[in-house]
Amino acid sequence: MAVVELKNVSKVYDNKLKVVSDVNLTISDSEFVVLVGPSGCGKSTTLRMIAGLEEISEGQIFIDNKLINDVSPKDRDIAMVFQNYALYPHMTVYDNMAFGLKLRKFSKTEIKQRVSDAAKILDLEEYLDRKPKALSGGQRQRVAVGRAIVRKPKVFLFDEPLSNLDAKLRVQMRAEISKLHHQLEATMIYVTHDQTEAMTMGDRIVVMKDGFVQQVDKPMNLYNFPVNKFVAGFIGSPAMNFIEGKINDSNGLKFESVNKKLIISLTAQQTNLLKSHTQKKIWLGIRPEDIHDITDESLKDNYHEFEIMLELVEPMGNEAHIFFNIDNVQFISRIPARDIPKTGTSRKLKINLEKLHFFDFENEKVII
């Protein structure tokens, strides 16, 4: 497989719109890296520059230490799997998977062996004589992946390959692609707007916003130690709760929301790190799972207790999502489903003080 390096890579279109800005990234041999972010963040454009489908405006891209800026897509030794499958409707599954090898003048014996091996890996052996219209969406996507596998490329590129599938198939294909990565020990770069896909599949995740890389890290490091408010809010489902306030020094350092509907005494560690922000505006972030039901015995120390009025309750099976309002800001909490409350009733909750996140109000960078 291969190492992929992006050095100061940018993309500017003719109208002077800069959609990718100064990306620096090294993807190790056999690593699975996911580019994630909202629509228009530049992730697909970055992938297409690696593939050679978009010209690079600035910077350099290397595959195995070879500069590929001016190398045509067919000579980059990459294989790409698209969102819309891009299968030939008049060809059988076998011919779709074999087509690229035929163009490259592989022998019939070699083609048959490669297609057979890929079909076995992807459980497509019984479908080789069918045409795409006779397949389900998940099967068509497996054919598209198989067409990439037979090439035995240095790098696999996936551009939102699961977005056209229904929820159940997405989960199934997510697992299949992850297993495929372990089987092939291949270098894979995967683009998605779905942070759940990113968290479950990637060895590392690249979070992008407005063409800029915000953070590159392992999934749980992104979740637990986001570098800014955007990453904190984008990674995690349901999303992190945010509320504006300030740090007040009255009988110990406290966080106070704008209308003082939420006042939290800070821990000793938080006090040390937030002293310099006294009387300054600040963002407080709290993940839904860190707002506990008062009956939860797992949290005995370092918590803030408060009472809320439930605006909406969503039973989720093993848990319930409850929605409530603090200081005109909607919050969401995840609580166990053993005692699902009713909408319109009051409820006592407690916040785990050890899990609070604080962000600078102006630049939104993490403080603690």
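Look up: the structure comes first, before these words.
Residues numbered from 1 in each chain as written. Predicted model: local features only at pLDDT ≥ 70, side-chain atom pairs only at ≥ 80, totals over all residues. Heavy atoms only, no water.

A.B. asks: I'm lost on the overall build of the protein in this one. Help?
C.D. replies: Looking only at helices and strands, the protein features 9 helices and 20 strands. Each principal axis of the C-alpha atoms in the protein carries an extent, and together these give about 80 × 45 × 35 Å. Taken across its 368 residues, the protein has 51% of its residues classed as buried. A separation threshold of at least 6 residues defines the contact pool for the protein, and within that pool the share at least 24 residues apart is 66%. Surface exposure of the protein reaches about 17900 Å², of which carbon and sulfur atoms provide 47%. For the protein, the centre of its 50 positive side-chain charges and the centre of its 49 negative side-chain charges are spaced 4 Å apart. (Helix = DSSP H or I, 4+ residues; strand = E, 2+ residues; numbered from the N terminus. Buried < 20%, exposed > 50% of the residue type's maximum accessible area, 1.4 Å probe, protein only. Contact = heavy atoms within 4.5 Å. Areas by Shrake-Rupley, 256 points an atom, 1.4 Å probe, with all protein chains shown as cover. Lys, Arg positive; Asp, Glu negative; His and termini not counted. Charge placed at Lys NZ, Arg CZ, Asp CG, Glu CD.)

A.B. asks: Explain the pairing of strand β6 (residues 78–81) to me, please; I cannot follow it from the model alone.
C.D. replies: Side-chain direction in a regular strand flips from residue to residue, so the side chains alternate between the two faces of the sheet. Side chains Ile78 and Met80 of β6 all project onto a buried face; the interleaved residues Ala79 and Val81 project onto the opposite face, where all are buried too. Across 4 bridges, the pairing between β6 and strand β7 (residues 155–159) is parallel. The residue bridging isoleucine 78 from the neighbouring strand is valine 155, located in β7. (Pairing = 2+ DSSP bridges.)

A.B. asks: Can you help me understand the sheet that holds strand β1 (residues 4–12) in this one?
C.D. replies: Remark on secondary structure: sheet strands pair via backbone hydrogen bonds, oriented parallel or antiparallel. Judged by pairing direction, the sheet is antiparallel, and its 4 strands sit side by side in the order β2-β1-β4-β5 without closing on themselves. Across the chains shown, the open sheet's two edge strands, defined by having one partner strand only, are β2 (18–27) and β5 (66–67). Sheet analysis places β1 next to strand β4 (residues 58–63), joined by 5 bridges and oriented antiparallel. Bridge pairing in β4 links leucine 6 to isoleucine 61.

A.B. asks: Help me understand the side chain of asparagine 228, please; the structure alone is not making it clear to me.
C.D. replies: Position of asparagine 228 among the secondary structure elements: in the loop between α7 (219–224) and α8 (229–234). Not counting the four nearest positions on each side in its chain, asparagine 228 is found in contact with Gln214, Phe359, Glu364, Lys365 and Val366.

A.B. asks: Looking at this structure, how should I read helix α1 (residues 43–51)?
C.D. replies: Think of an α-helix as turning once every 3.6 residues; residues three or four places apart then point the same way. Counted residue by residue, α1 has 7 buried out of 9 residues, so it is predominantly covered. Along α1, the positions that sit buried rather than exposed are Lys43, Thr45, Thr46, Leu47, Met49, Ile50 and Ala51. Just downstream of α1 lies glycine 52, where phi reads positive at about 90°.

A.B. asks: What is the right way to look at the sheet that holds β7 in this model?
C.D. replies: What the 6 strands build is an open sheet, ordered β6-β7-β8-β3-β9-β10; its pairing is mixed. Where the open sheet ends on each side, the last strands, each with one partner, are β6 and β10 (212–217). Taking the axes of each pair of neighbouring strands and ignoring which way they run, one obtains an average angle of 15° across the sheet. In this sheet, β10 lies alongside strand β9 (residues 204–209) in antiparallel orientation, the contact comprising 5 bridges. Within the sheet, the bridge partner assigned to valine 206 lies in β10 and is valine 216. Along the sheet face, helix α4 (residues 137–149) touches β6 and β7 and points at about 175° away from the line of β6. (Axes fitted to C-alpha atoms, helices over the stretch in contact; angles between N-to-C directions.)

A.B. asks: Looking at this model, I keep getting lost on the packing of α4 against helix α5 (residues 167–184). Mind explaining?
C.D. replies: The description of two packed helices rests on the angle between their axes and on the distance between the axes. It is at 11 Å that the axes of α4 and α5 come closest, and there the two elements cross at 20°. Considered as vectors, α4 and α5 are oriented roughly parallel to each other. Crossing handedness for the pair α4 and α5: right-handed. Within the contact between the two elements, α4 uses Gly138, Gln141, Arg142, Val145 and Ile149 and α5 uses Leu169, Gln172, Met173, Glu176, Leu180 and Leu184. (Parallel < 35°, antiparallel > 145°, perpendicular 65-115°, else oblique. Left-handed = near helix turned anticlockwise from the far one by under 90°.)

A.B. asks: Explain the packing of aromatic side chains to me, please; I cannot follow it from the model alone.
C.D. replies: Any pair of aromatic rings gets described here by the distance separating the centres and the angle formed by the planes. In the structure shown here, the tally under the stated rule is 9 aromatic pairs. With 5.7 Å between their ring centres and 20° between their planes, phenylalanine 230 and phenylalanine 234 make a pair best called stacked. A residue pair is termed a helical-turn pair when its members lie 3 or 4 positions apart in one helix, as phenylalanine 230 and phenylalanine 234 do in helix α8 at 4 residues. The class of phenylalanine 230 is buried, set by a relative accessible area of 18%. The class of phenylalanine 234 is buried, set by a relative accessible area of 17%. Taken together, Phe32, Phe158 and Tyr190 form an aromatic cluster joined through their ring pairs. Across from the ring centre of tyrosine 223, 3.9 Å away, lies the NZ or CZ of arginine 287, which sits over that ring. Looking at lysine 350, its charged tip hangs above the ring of tyrosine 303, at a distance of 4.7 Å from the centre. (Phe/Tyr/Trp six-rings, centres within 6.5 Å; stacked < 30°, edge-to-face > 60°. Lys NZ or Arg CZ within 6 Å of the ring centre and 35° of its normal.)

A.B. asks: I tried to follow the nonpolar core on my own but got confused; where do I start?
C.D. replies: Generally speaking, soluble globular proteins have nonpolar side chains that are buried together. With 48 residues, the main nonpolar core has Met97, Phe158, Ile177, Tyr190 and Val207 as its most contacted residues. The leading source of residues in this core is α4, at 5 residues. Counting residues in hydrophobic clusters, the runner-up holds 29 residues, among them Val9, Leu35, Val155 and Ile189. (Core = buried A, V, L, I, M, F, W, Y, C linked by side-chain atoms within 4.5 Å.)

A.B. asks: Before we go on, may I ask you to explain the environment of glycine 37 in this structure?
C.D. replies: Along the chain, glycine 37 falls in the loop between β3 (32–36) and α1. Sequence separation between glycine 37 and histidine 193 is 156 residues, and the spatial gap between their C-alpha atoms is 5.2 Å. Apart from the residues lying within four places of it in its own chain, the contact partners of glycine 37 are Lys43, Thr192, His193, Met208 and Phe234.

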